[in-house]
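Here is what each chain is made of, one letter per residue.
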Amino acid sequence: MADIVIIGGGVIGLSIAYEVAGQGASVQILERGSFGQEASWAGAGMIIPADPQRATTYEAQLRGESFVRWPAWSRQLFDETGIDNGFVNCGGIHLFPQTVTLPHLSVLSDLAGCARQLRADGAVVEELNADELRRLEPSINREIANGIYLPQMCQVRNPRHLKALIAACHARGVVMTSGAAVMSIERQGSRVTAAHTVTGAIRADQFVVCGGAWTQSILAAVGCSVEIEPVRGQIVLLEDLKKPLRRIIEVGVRYLVPRADGKILIGSTEEWTGFDKGNTAESVADLIRFATDLVPALKSARVDRFWSGLRPHAKRGSPYLGQVPETDNLFVAAGHFRSGLMLSPITGLLMRQLVLRQELVMPMPVVSCSKAAAT
Ligand SMILES: Cc1cc2nc3c(=O)[nH]c(=O)nc-3n(C[C@H](O)[C@H](O)[C@H](O)COP(=O)(O)OP(=O)(O)OC[C@H]3O[C@@H](n4cnc5c(N)ncnc54)[C@H](O)[C@@H]3O)c2cc1C
C-alpha cells in the first residue's frame, strides 16, 4: 500500500509525485490512459514572468513562485534523467493588433492595460515602436506599428518535459499505473479509504486528485462539486527551416511559438465543446490565416500536423489547490486552465508541503466545493 495515491498522470500529477517521492514517501499514480497525453502534451509551453516579491494578486504570486523555479527544476530533471526538456529563455512580444486592418489579427483585449499589469507584477516590460519591433523580429507584418516586449519570457517543450518527469518519477520509485481509470472513491466518514479502478481497489493513506478537465466527475464521487470544465484548444504545427521568428509572438489569445528546430506552433482556440477533442476545418484554417497574416513569410511553411487538447477551466478563475473540505486525507490540484505547465513547479512543491504537513512557501486559500450528490 502506497503512502500517497495520485489520480491523474498529467503534468500536475507527475510534478506532485516527483516532489513527494523526493521526500522518501511511497507514491502510486493512477492514470486512465497513458501518462502525459492529454492537455499537458497538447499545450504550447509558454512561461510568463512575474516576480513573487512584487506580485499584486494570488495568481501572479503563484506564477512568480513558479517562474523563479523553472531553471533549477529543468536542470534537476536533466541531472536525474539526462533528458533536456527544451526550457529556454526565448523572450516574447505582445502585439497591439488594433492598429492594423488585417482581419485575422483583430482582437479587442486591452494590451496597454496588460502591459501595466505585467509590470506591476514585477515582469520586465519594454514598449516597442515600429523600428524596434522590426529590429527584434524583421519578419512581422509591416502594418504592425507597436508592441510590448517581455525579455524574460520562456518556453518548454511539453512532450520532452513530460518524458523527463515520467523518467524522473520512475527513478524515484513512483509506481506508475496506466490504463487505471478511477471509477469511484470509497469514503468512510471523513477518510477516503480506496480508489476503485477497473482492475480493483487501490488503498493508501492519502489521495490527491489531479484529473485535469475530468476532475469534476472524479470528485463528485465523494460528494464534492468543483466547477471545472473542458475548454478545447486547437494547435497547428508548421515547419519553416528558415526560422523567420526567434521570439514568442502573442496577439490576444492567439500566438506563435517558434521552436529551436524550425517548427512553429500556432495556437490556439478557446472552445466550449465539451470533451470533444477533434480539430475543425474552420479553426485550422483560421489559425493558419492568423499566422500568415502576422508573418507573411510563413505562407511557404510546411504544415506538419495539428492537434487539440482540453484545458481544465476552473470557472472561479484560479485553480483548486488544497485539501477537499470535510475530508482528512483527500486533496485536489486541478483547474489550471491556460497555465498548467507554467504553474507546475509551484503546484508540485505546494502540494508536497501540504500533503506531508511541511511549512508552505506561500499561503494556500482553503478549497471550497459545494455539495454534489455522491455517486
Ligand atoms: C492548446 C493548449 C495550449 C496550452 N498552452 C499552455 C501554455 O502555453 N502554458 C501553460 O502553462 N499551459 C498551457 N496550456 C494549459 C496546460 O496544458 C494545462 O493547464 C495543464 O496541462 C493541465 O495539466 P493537468 O495535469 O491538470 O491535466 P491533464 O494533462 O489533462 O492531465 C489529467 C490526467 O488525468 C487523467 N484522468 C482523467 N480522469 C481520470 C480518472 N478517472 N482516472 C485516472 N486518470 C484520469 C487524464 O487521462 C489525464 O492524463 C495549454 C493547453 C492547451 C490545450
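Keep in mind that this is a model prediction, so the values were computed, not measured.

### As for the site of the ligand
Argument step 1. Near the ligand you find 38 residues, and of these Glu31, Ser40, Met46, Phe337 and Met342 are the closest.
Argument step 2. Contact between the ligand and Val11: an oxygen atom at 3.3 Å from a main-chain N or O atom of the residue.
Argument step 3. Contact between the ligand and Leu341: an oxygen atom at 3.0 Å from a main-chain N or O atom of the residue.
Argument step 4. Bound to the protein, the ligand loses 98% of the 1,000 Å² it would expose on its own.
Argument step 5. When contributions to the shell around the ligand are tallied by element, the ones reaching two or more residues are α1 (11–21), α2 (39–42), β13 (228–239) and β17 (302–314).
Argument step 6. Among the elements that make up the shell around the ligand, the one with the highest residue count is β17 (3 residues).
Argument step 7. Broken down by class, the residue content of the shell around the ligand amounts to 19 nonpolar, 14 polar and 5 charged.
Argument step 8. Two domains each provide a minimum of three residues to the shell around the ligand, namely domain 1 (2–83 + 158–226 + 316–371) and domain 2 (92–151 + 230–314).

### Let's talk about the state of the cysteines
Argument step 1. Within this structure, the stated rule accounts for 1 disulfide.
Argument step 2. Each sulfur of the disulfide joining Cys224 and Cys369 lies 2.2 Å from the other. For the disulfide bridge between Cys224 and Cys369, the dihedral angle about the S-S bond is near -135°, and by the sign convention the bridge is left-handed. You can see Cys224 sitting in strand β12 (residues 224–225) and its partner Cys369 sitting in the loop between α10 (344–355) and β20 (370–371), a full 145 residues away along the chain.
Argument step 3. No disulfide involves Cys90; its sulfur sits 6.7 Å from the nearest other cysteine sulfur, which is in Cys154.

### Here we look at unusual backbone geometry
Argument step 1. Of the consecutive residues Gly267 and Ser268, the connecting peptide bond is found in the cis state with omega at -25°.
Argument step 2. Here Ser268 is to be found in the loop between β16 (263–267) and α9 (281–294).
Argument step 3. Located in the positive-phi region is Glu326, a residue other than glycine, with phi close to 65°.
Argument step 4. Mapped onto the elements, Glu326 comes out in the loop between β18 (320–323) and β19 (330–334).
Argument step 5. What makes Glu326 exposed here is its relative accessible area of 56%.
Argument step 6. Backbone geometry at Arg357 places phi at a positive 55°, although glycine is not the residue there.
Argument step 7. Relative to the elements of secondary structure, Arg357 occurs in the loop between α10 and β20.

### Observations regarding the domain arrangement of the protein
Argument step 1. Domain boundaries in the protein define domain 1 (2–83 + 158–226 + 316–371) and domain 2 (92–151 + 230–314).
Argument step 2. Put simply, the middle of domain 1 and the middle of domain 2, counted by C-alpha atoms, are 29 Å apart.
Argument step 3. Counting from both sides, the interface comprises 30 residues of domain 1 and, opposite them, 29 residues of domain 2.
Argument step 4. Between domain 1 and domain 2, a total of about 2,400 Å² is buried, with carbon and sulfur atoms accounting for 60% of that surface.
Argument step 5. With its nearest N and O atoms 3.1 Å apart, the salt bridge here joins Glu38 to Lys277.
Argument step 6. For the interface between domain 1 and domain 2, the tally reads 13 residue pairs in polar contact (both at pLDDT 80 or more).
Argument step 7. For the side of domain 1 that touches domain 2, the elements supplying multiple residues, two or more each, are α2 and α3 (58–67).
Argument step 8. Top contributing element to the side of domain 1 that touches domain 2 by residue count: α2, with 3 residues.
Argument step 9. The class makeup of the residues in the side of domain 1 that touches domain 2 is 14 nonpolar, 10 polar and 6 charged.

Reading the values: the criteria
Residues numbered from 1 in each chain as written. Predicted model: local features only at pLDDT ≥ 70, side-chain atom pairs only at ≥ 80, totals over all residues. Heavy atoms only, no water. Near = heavy atom within 4 Å. Polar contact = N/O pair within 3.5 Å; in protein donor to acceptor, adjacent residues only side chain to side chain. Areas by Shrake-Rupley, 256 points an atom, 1.4 Å probe, with all protein chains shown as cover. Helix = DSSP H or I, 4+ residues; strand = E, 2+ residues; numbered from the N terminus. Nonpolar A, V, L, I, M, F, W, Y, C, P; charged D, E, K, R; others polar. Domains from an automatic or database assignment. Disulfide = S-S within 2.5 Å. Buried < 20%, exposed > 50% of the residue type's maximum accessible area, 1.4 Å probe, protein only. Contact = heavy atoms within 4.5 Å. Buried area = accessible area lost by both parts, 1.4 Å probe. Salt bridge = Lys/Arg side-chain N within 4 Å of Asp/Glu carboxyl O.

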